[in-house]
Each structure stands twice: as C-alpha cells, then as structure tokens.
Amino acid sequence: MILTIFEVENLKKEVLQKFSVQIHFHDSCGGQYFTVDEPTEELKEFVIEFFATKKLEVVFSETGVQFRVVKIGDV
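Everything numeric here is computed off the predicted structure, so don't read it as measured data.

The rules we used
- Numbering of residues starts from 1 in every chain and runs along the sequence as written.
- Owing to the predicted nature of the model, reporting of local features is limited to residues with pLDDT of at least 70; listing and counting of side-chain atom pairs is limited to 80 or more, with chain, interface and lining totals taken over all residues.
- Side-chain measures were taken over the full set of non-hydrogen atoms in the model, leaving aside hydrogen atoms and water.
- What counts as a helix is a DSSP run of H or I of at least four residues, what counts as a strand is a run of E of at least two, and both are numbered from the N terminus.
- Values of the radius of gyration come from C-alpha atoms, whereas the globule rule sets the reference at 2.2 Å times the count of residues to the power 0.38.
- Per-residue accessibility, obtained with a 1.4 Å probe over protein chains only, is compared with the maximum for each type, and a residue is labelled buried under 20%, exposed over 50%, and partly exposed between these values.
- Working rule for contacts: check all heavy atoms of both residues, and any pair within 4.5 Å makes them a contact.
- The protein chains shown are the only cover counted for residues, whose accessible areas, like all others here, come from Shrake-Rupley with a 1.4 Å probe.
- Neither His nor the chain ends contribute to the count of charged residues, in which Lys and Arg are positive and Asp and Glu negative.
- Positions of charges follow a simple convention, taking NZ of Lys, CZ of Arg, CG of Asp or CD of Glu.
- As used in this record, nonpolar core signifies buried Ala, Val, Leu, Ile, Met, Phe, Trp, Tyr and Cys residues forming a set joined through side-chain atoms within 4.5 Å.
- Any two strands with at least two DSSP bridges between them are considered paired.
- Given a helix with a known number of residues, its expected span is that number minus one, times 1.5 Å.
- Along the arc lie the directions from the helix axis toward the C-beta atoms.

## Some points on the overall build of the protein
Within the protein one finds 2 helices and 4 strands. Going from the N terminus to the C terminus, the protein shows its helices and strands as α-β-β-α-β-β. What you see for the protein is a C-alpha radius of gyration of 11 Å, in line with the 11 Å of a compact globule of 75 residues. Expressed as a percentage of its 75 residues, the buried residues of the protein come to 33%. Partitioning the contacts of the protein with sequence separation of at least 6, the portion at a separation of at least 24 is 42%. When the accessible surface of the protein is split by element, carbon and sulfur atoms take 51% of a total near 5000 Å². Across the protein, the mean location of the 8 positive side-chain charges is 6 Å away from that of the 13 negative side-chain charges.

## As for the nonpolar core
Grouped together as the largest cluster of nonpolar side chains are 19 residues, with contacts concentrated most on Leu-11, Val-15, Ile-23, Phe-34, Val-47, Phe-51 and Phe-67. The greatest single-element share of this core, amounting to 5 residues, is contributed by helix H2 (residues 41-52). For Phe-67, the contacting residues outside a window of four places in its chain are Leu-11, Ile-23, Tyr-33, Phe-34, Val-36, Val-47, Phe-51, Val-58, Val-59 and Phe-60.

## Structural notes on the pairing of strand S2 (residues 31-36)
Bridge count for strand S1 (residues 23-28) against S2 is 6 bridges, and the pairing is antiparallel. Note on S2: the bridge partner recorded for His-26 is Tyr-33. Linkage of S1 to S2, two consecutive antiparallel strands, is achieved through a turn of 2 residues. Across 2 bridges, the pairing between S2 and strand S4 (residues 66-71) is antiparallel. Residue pairing in the sheet places Thr-35 in a bridge with Gln-66 of S4.

## Section: H2
Its 12 residues place the ends of H2 16 Å apart at the C-alpha level, agreeing with the 16 Å of an ideal helix rising 1.5 Å per residue. Every buried residue belonging to H2 is among Leu-43, Lys-44, Phe-46, Val-47, Phe-50 and Phe-51, and all of these are buried. End-on view of H2: buried residues confined to an arc of 160°, all on one side of the axis. Among the exposed residues of H2, those oriented more than 90 degrees off its buried face are Glu-41 and Glu-42. Where the residues of H2 are buried, they touch helix H1 (5-19), S1, S2, strand S3 (56-60) and S4.

## Side note on the environment of Val-58
In this fold, Val-58 is placed in strand S3. Its relative accessible area of 11% is what places Val-58 among the buried residues. C-alpha separation for the pair Val-58 and Ile-48, spaced 10 residues apart in sequence, amounts to 5.8 Å. Not counting the four nearest positions on each side in its chain, Val-58 is found in contact with Val-47, Ile-48, Phe-51, Phe-67 and Arg-68.

See below:
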C-alpha cells in the first residue's frame, strides 16, 4: 500500500494535535512505515480508526513503536 504525502501529513498533524506526539514517516526501498517515540494504546486505537475509514489496516510491531499500513486482507 502506497500512501500519499497528503495522507501522511494529515495523520502526523492530527496525532500531534491530539496527543502531542511526533510520528515519523519512513519511505525506503523496503516500503513505507511509521515509527512513534511514545506509543500508547489510545494512540494506537486512533491510528487504527484513522486508516479504517480509508479501508486500510494497520500492522503494529510487537513493541508498538513501528507500524505499516496495508489494504484490508493483505496482512
């Protein structure tokens, strides 16, 4: 799943406003992913809901520090 810069900026802006936390976006040959300095369950739920409205699913690492976005069913 390739996200647009517009989608990424919207997420980063909303998270910063609601949680005062920076989300870092990484776009490399291996794909796109995000990292969070201070993950919380509330933040994770917000990110899941943010992408669910776009029919996308979020896959978090075990620690919750890293996540990627995929089409629903592509996990």
